[in-house]
Amino acid sequence: MTDSTDSFVSRLRGRWVQIAAVAVVLVFGLYYPVGMLIAHKVDDNLDYQTPAGETVAGSRAVAMAAALIDREVNRNGWVANDPFFMPGSMLDNMPNYQLGMIHALGRFAFQMVDQIGRTRGSSQTDRDLQEAAGLLQYSGTKWIFDFSTSLLPTAKSEDQYRKARAALLSYNQRLTQGQAVFERRGDNLQATLERIALDIGSASAAIDRRITEGSSLWIDTESDDVFYSVKGQLYAYYMVLRELRQDYANVIRDRELGGTWDQMLASFAAGAGLKPVVVSNAKPDAVILPNHLGSMGFYVERARTQVYEVVNILQK
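Residues numbered from 1 in each chain as written. Predicted model: local features only at pLDDT ≥ 70, side-chain atom pairs only at ≥ 80, totals over all residues. Heavy atoms only, no water.

Participant: Would you mind showing me how to read helix α10 (residues 292-315) here?
Facilitator: Along an α-helix, residues three or four positions apart point the same way, because every turn accommodates 3.6 residues. In this model, α10 (24 residues) spans 35 Å end to end at C-alpha, consistent with the 34 Å of a helix rising 1.5 Å per residue. Against α6 (186-214), α7 (223-247), α8 (249-254) and α9 (258-272) lie the buried residues of α10. Two or three places before L293, at the opening of α10, N291 has a side-chain oxygen 3.2 Å from that residue's backbone nitrogen. (Helix = DSSP H or I, 4+ residues; strand = E, 2+ residues; numbered from the N terminus. Expected span 1.5 Å × (residues − 1). Contact = heavy atoms within 4.5 Å. Polar contact = N/O pair within 3.5 Å; in protein donor to acceptor, adjacent residues only side chain to side chain.)

Participant: For this particular structure, what's the right way to read a nonpolar patch on the surface?
Facilitator: Side chains of Y31, F84, F85 and M86 sit close together on the surface and give an oily, nonpolar patch of about 430 Å² of accessible area. Residue classification places F84 among the exposed residues on the basis of a relative accessible area of 66%. (Patch = residues over 30% accessible without salt bridge, like charges linked within 9 Å, V, L, I, M, F, W, Y side chains within 5 Å. Areas by Shrake-Rupley, 256 points an atom, 1.4 Å probe, with all protein chains shown as cover. Salt bridge = Lys/Arg side-chain N within 4 Å of Asp/Glu carboxyl O. Buried < 20%, exposed > 50% of the residue type's maximum accessible area, 1.4 Å probe, protein only.)

Participant: How do you make sense of the side chain of N281 when you look at a structure like this?
Facilitator: Following the sequence through the fold, N281 ends up in the loop between α9 and α10. Assessed through its relative accessible area of 6%, N281 is described here as buried. Reaching out from N281, the side chain makes a polar contact with the backbone oxygen of R210 at a distance of 3.2 Å. One polar contact links N281 to D220, side chain to side chain, over a distance of 2.8 Å. In this structure N281 touches R210, I211, G214, S215, D220, S223, P290, N291 and L293, once residues within four positions along its chain are discounted.

Participant: What am I meant to see in the pattern of salt bridges here?
Facilitator: Once their charged atoms are close, side chains differing in charge can pair, the charge on each being opposite to the other. In this structure the tally under the stated criterion is 23 salt bridges. The closest approach of N and O atoms between K41 and D43, which form a salt bridge, is 4.0 Å. Here R71 makes a salt bridge to E72, at a shortest N to O gap of 2.9 Å. Accessibility assignment for this pair places R71 and E72 in one class, buried.

Participant: What is the right way to look at helix α4 (residues 127-135) in this model?
Facilitator: Turning to α4, its buried residues number three or more, namely D128, L129, A132, A133 and L135. Along the axis of α4, the buried residues cluster in a sector spanning 170 degrees; they form a single face. N-capping of α4 is provided by D126, with a side-chain oxygen placed 3.0 Å from the backbone N of D128. (Arc of directions from axis to C-beta.)

Participant: Hey, could you run me through the side chain of R174 in this one?
Facilitator: Looking at the secondary structure, you find R174 in helix α5 (residues 157-176). Not counting chain neighbours up to four residues away, the residues in contact with R174 comprise D126, R127, D128, Q179 and A180.

Participant: Just to check I follow, could you spell out the environment of S216 for this structure?
Facilitator: Within the element layout of this structure, S216 appears in the loop between α6 and α7. As for S216 and N312, which are separated by 96 residues in sequence, their C-alpha atoms are 39 Å apart.

Participant: What exactly am I supposed to notice about the packing of aromatic side chains here?
Facilitator: Each aromatic ring pair is specified by the distance between its two centres and by the angle formed by the two planes. Taken as a whole and judged by the stated rule, the model has 7 aromatic pairs. Centre to centre, the rings of Y97 and Y235 are 6.1 Å apart; their planes meet at 45 degrees, and the pair counts as tilted. Of this pair, Y97 sits in helix α3 (residues 93-116) while Y235 is found in helix α7, placing the two residues 138 residues apart along the sequence. As far as burial versus exposure is concerned, Y97 and Y235 are alike and both buried. An angle of 70 degrees between the planes, with centres 5.2 Å apart, marks the rings of F227 and Y228 as edge-to-face. Across this residue pair, the class does not change: F227 and Y228 are buried. Over the aromatic face of Y48 sits the side chain of R71, whose NZ or CZ is 4.8 Å from the ring centroid. (Phe/Tyr/Trp six-rings, centres within 6.5 Å; stacked < 30°, edge-to-face > 60°. Lys NZ or Arg CZ within 6 Å of the ring centre and 35° of its normal.)

Structure representation (structure tokens):
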């Protein structure tokens, strides 16, 4: 009787081990892959428009910045800080793309603080723009806990970005009521474009460094990180510059900048629209394999050159 009971327990234990093994296979074989497919979205729609409910008589560029934050954080879902037990933590391209976008929007917010959102350099900075610019510098990889700094809960990245969006919308609302400043002078636009050119110049340097360090490797696992980060920057800048064209319509018309501005936008759009199935970082003179970082770098430098062409016209 005892041997029979022991045998039954042994078989039962073996059955549960098998069930547990199958469950583990299902989790790793289905949960993560299917979850990654559901979560993954590199949203590079160049025709994206600010939602009708957020279109106000203030700055179209500011409204677009707020709309992009809302889209990536609340609609597409922020994945750059997903913990290990969420499928988004296994994604690579989407988080780098989102981080690149937030980087560019943060730079634009600083230009709003320093150049466009104040009358002169000695005037007071706008409180909402100051808050938005600061919040957009917050790390995009912070989850509820950051054990490298504290055992206590911390502010999540998306919570900070939601606050930044609210500050941008507040600024735009006050702008429509005549309680905020949006300088539509050519020198303010010029200074903003110069800072954008410097930023994408930094992106060009990052591409060059990755090509130098990674093109000799059989498999460069970091090339897609750089590619999608720069793609995100170009996309965000394209959307903001597209709307700045409307914000500064009088300046662009008076300086006859329309054609040059559109060519600049086309270069940003071309870089932001690149969609390789797999990012290849082959040698620049390779016969068979392409170098997608080199292609991205071409459009970055072309866009940068055209930004400076607009700046030179504004200086005259």
